[in-house]
Structure formats: C-alpha cells, structure tokens
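Tertiary structure, described
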Amino acid sequence: MNTVPDAELDRLVDILMDAERTRRDLGRLTTDRPWLDATVAYRAQARQRERRLDAGDQWVGTKLGLTSRAKQQRMGISSPLTGFLAASMALPLGAPIPFAKLIHPRVEPEIVFVMKSRLVGPGVTAATALAAVESVHAGLEVIDSRYTDFDFALADVIADNASSARFAVSPTGVSPVGLDLQLEACVLRLNGEVVDTATGAAVQGNPFEALALAANDLGARGEAIEAGQLVLTGGLTDAIFIAPGDSVSVEFTSLGSLTITVAASEGTT
Ligand code: OOG
Ligand code: MG
C-alpha cells in the first residue's frame, strides 16, 4: 500500500531513531500497523537515510541481510533484504565497539566488496556484478536491532535499516579475479575460541549472487550501488552476542583476518 502518507513514515522514523538514541528497544511496529508492508518499510528506510544525510552523514554503501540459511533460520525470515551504510557506522581500524551506546549488539562475519563501477539493476548477474568489484575484504558487522530480543517481521527489520549499527572492514583487499568465493572459508572466534565456521557459499550460493541481488533490488526502487561504495553481503554465520571487554575476530582463507574489541566499560566510545 503506497498511499501511506509521508507524515506516517516520519513517525516511524522518529520511533526507530529515538529507540536507537535512547537505547530503548521496541515491540514490532507491524503489530498495530497492518499497512506496514515491505514496500512501505523501504520508503521509511529511505526517509531515515535522508534524515541522516541532512544531518551531515554520508551514504557509503549497501548492506544485505538474511542472505544465509544460518541467519534466515535464526530470524525466522526467509527473504533477504537491503539497508544503507552511513559513514557514522564505520568503525575505524582498531576502534572498539561502543557497547555503551548500543542496545544488545551482536557481531557477524561478512564478505565485503568495494565497488569499482556503478551497478544498477534490473538484469545484473553474478558475472556482471563481479566485473564491477574493485576489491574483496574481510568484514565484521555489528548489528543492534531496535526491536526487543531481535523479534521482528520482514517489514519491521526493513524499516529498522536491517538492524545496522556499526561495521569494520579490513583495510587491504584482494582482487575479485580468480577468487573462488564459494570456497572462501571463514573462522569466527570469540576471545580466541572458535565459535562458528562457514564458507562463502553460505551467502546466496556465492557472494557475487548476493551483490547481483542487491543491485537488482535497489534498481527496482530507483537506486543504485555507486563506484567507490561498500557492499556488505550478509552474515555467513549466525551473529554472536558480545560483552564489554570481548574480542571478536574473523579469519578468512584469502581475505586475511580482522579483529575488533568491545569497549571495556560504560561511557567508553
Ligand atoms: C537482521 C540483519 C541481518 C545479516 O547480515 O544477515 C544482517 C538481523 O539479523 O537482525 O545484517
Ligand atoms: Mg549483516
């Protein structure tokens, strides 16, 4: 239903952005809003993006969510989705996760693309997607749903920008040419202990398929993935909960490794 007035969308954005700022989690917004479907939710997501850009943030890329079975099963939603990445979400190299600013953060390993050229659907395939990639990187995403216990329907999580909070990307990338991302393995460690493993095939069969999906999905809404932007292709494994003082690392076969720590105490950014 696309007749939902902009004022109603702005109210949704206010609720979600207040929850983020005040660290107060919410019940599902879809419960008492039968008109809140995926299409309306993407309009709300785009308005949140505009608000952030108006406030001086920058749009630095796209994230995919729920692209692996591990994630889909955990969340009980079988459809992938997209969100936007803003410069303020990027954790500089070595910066800790600001635990005190988040509600109930979780971390997941991701394969990340830096784009060489613009990619816009429809009709994007894994092969054309690969040709638009400059470099492939190891990533860790910090998700922090604004919904209680990460309990949401598809439209809720789309409106909430796919639970995005922070992300870290390894500074050195690898050329996509000759990489077999299906067989690219990753090992996820929490405080040195292996907690999960996966290969790139977990992500839509191949992360380049996920990239094509994002470009086609954005294209259908009149948007594109721009040269120089990042694309987070979605958690390869389930996300893990973290606590202050923790250290999370991911090690890939060819993409190298990346470690982030969690700020040790309240008030630390
Ligand atoms: C939704 C966001 C999912 C991913 O990589 O699958 C996501 C959630 O799990 O809260 O970022
Ligand atoms: Mg993710």
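Report on the accompanying structure. Treat the numbers as computed from the prediction; the structure is a model and nothing was measured.

Some remarks on the overall build of the protein
Broken down by element type, the protein carries six helices and eleven strands. On C-alpha atoms alone, the protein measures out to a radius of gyration of 17 Å, which is about the 18 Å that the 2.2 N^0.38 rule sets for 269 residues. With the principal axes as the frame, the protein shows a C-alpha extent of 50 × 45 × 35 Å. Across the 269 residues in the protein, those meeting the buried criterion constitute 54%. In the protein, of all internal contacts separated by at least 6 residues, the share reaching a separation of at least 24 is 76%.

Quick notes on the sheet that holds strand E11 (residues 257–261)
In space, the four strands of this open sheet follow the order E7-E6-E10-E11, with antiparallel pairing throughout. Here the strands that pair on one side only, and so sit at the sheet edges, are strand E7 (193–199) and E11. Averaged over all pairs of adjacent strands, the angle between their axes in this sheet comes to 15°, without regard to strand direction. As judged from the five bridges shared by strand E6 (residues 185–190) and strand E10 (residues 247–252), these two strands associate in the antiparallel manner. Bridging across to E10, arginine 189 finds its partner in serine 249.

Describing the site of ligand 1
With respect to spatial proximity, 17 residues lie near ligand 1, and among them Lys63, Leu66, Glu108, Ser163 and Gly235 are the closest. Take glutamate 108: an N or O atom from its side chain is 2.7 Å from an oxygen atom of ligand 1. In isolation ligand 1 offers 320 Å² of accessible surface; the protein chains occlude 100% of this area. Of all the elements in the fold, those that place two or more residues in the shell around ligand 1 are strand E1 (59–65), helix H3 (69–75), strand E3 (106–115) and strand E4 (133–143). In terms of residue count, E1 provides more of the shell around ligand 1 than any other element does, three residues in total.

Focus on the pattern of salt bridges
Here the structure, examined in full by the defined rule, presents 19 salt bridges. Where aspartate 32 meets arginine 33, a salt bridge forms, and the shortest distance between an N and an O atom there is 3.1 Å. By relative accessible area, aspartate 32 is classed as exposed at 58%. Connected through salt bridges with shared partners, the residues Asp6, Asp10, Asp14, Arg43, Arg47 and Arg51 form a single ionic network.

Quick look at the pairing of strand E5 (residues 164–169)
Here is the key point about a regular strand: its side chains alternate between the two faces of the sheet. For E5, a buried count of six out of six residues is recorded, marking the element as mostly surrounded by other parts of the structure. Pairing of E4 with E5 involves five bridges; the strand directions are antiparallel. Its bridge partner being in E5, glycine 139 is matched across the sheet by valine 169.

Concerning unusual backbone geometry
The step from glycine 121 to proline 122 runs through a cis peptide bond, and the omega angle for that step is 10°. Checked against the element boundaries, proline 122 lands in the loop between E3 and helix H4 (126–131). We note that arginine 23 has phi near 55°; this positive angle belongs to a residue other than glycine. In this structure, arginine 23 sits in the loop between helix H1 (6–22) and helix H2 (38–54). Phi is positive for aspartate 149, which is not a glycine, with a value near 55°. Within the secondary structure layout, aspartate 149 lies in the loop between E4 and helix H5 (154–159).

Observations regarding the coordination of the magnesium ion (ligand 2)
Taken together, the protein ligands of the magnesium ion (ligand 2) are Glu108 (OE), Glu110 (OE) and Glu141 (OE), with distances of 1.9 to 2.0 Å. All donor residues of the magnesium ion (ligand 2) come from one chain, and their arrangement in sequence is E-x1-E-x30-E. Separated by 31 residues along the polypeptide, glutamate 110 in strand E3 and glutamate 141 in strand E4 bring together distant segments of the chain.

Rules and cut-offs
Residues numbered from 1 in each chain as written. Chains lettered and ligands numbered in written order. Predicted model: local features only at pLDDT ≥ 70, side-chain atom pairs only at ≥ 80, totals over all residues. Heavy atoms only, no water. Helix = DSSP H or I, 4+ residues; strand = E, 2+ residues; numbered from the N terminus. Rg over C-alpha atoms; globule rule 2.2 N^0.38 Å. Buried < 20%, exposed > 50% of the residue type's maximum accessible area, 1.4 Å probe, protein only. Contact = heavy atoms within 4.5 Å. Pairing = 2+ DSSP bridges. Axes fitted to C-alpha atoms, helices over the stretch in contact; angles between N-to-C directions. Near = heavy atom within 4 Å. Polar contact = N/O pair within 3.5 Å; in protein donor to acceptor, adjacent residues only side chain to side chain. Areas by Shrake-Rupley, 256 points an atom, 1.4 Å probe, with all protein chains shown as cover. Salt bridge = Lys/Arg side-chain N within 4 Å of Asp/Glu carboxyl O. Donors = N, O, S within 2.8 Å, 3.2 Å for Na, K, Ca; no water.

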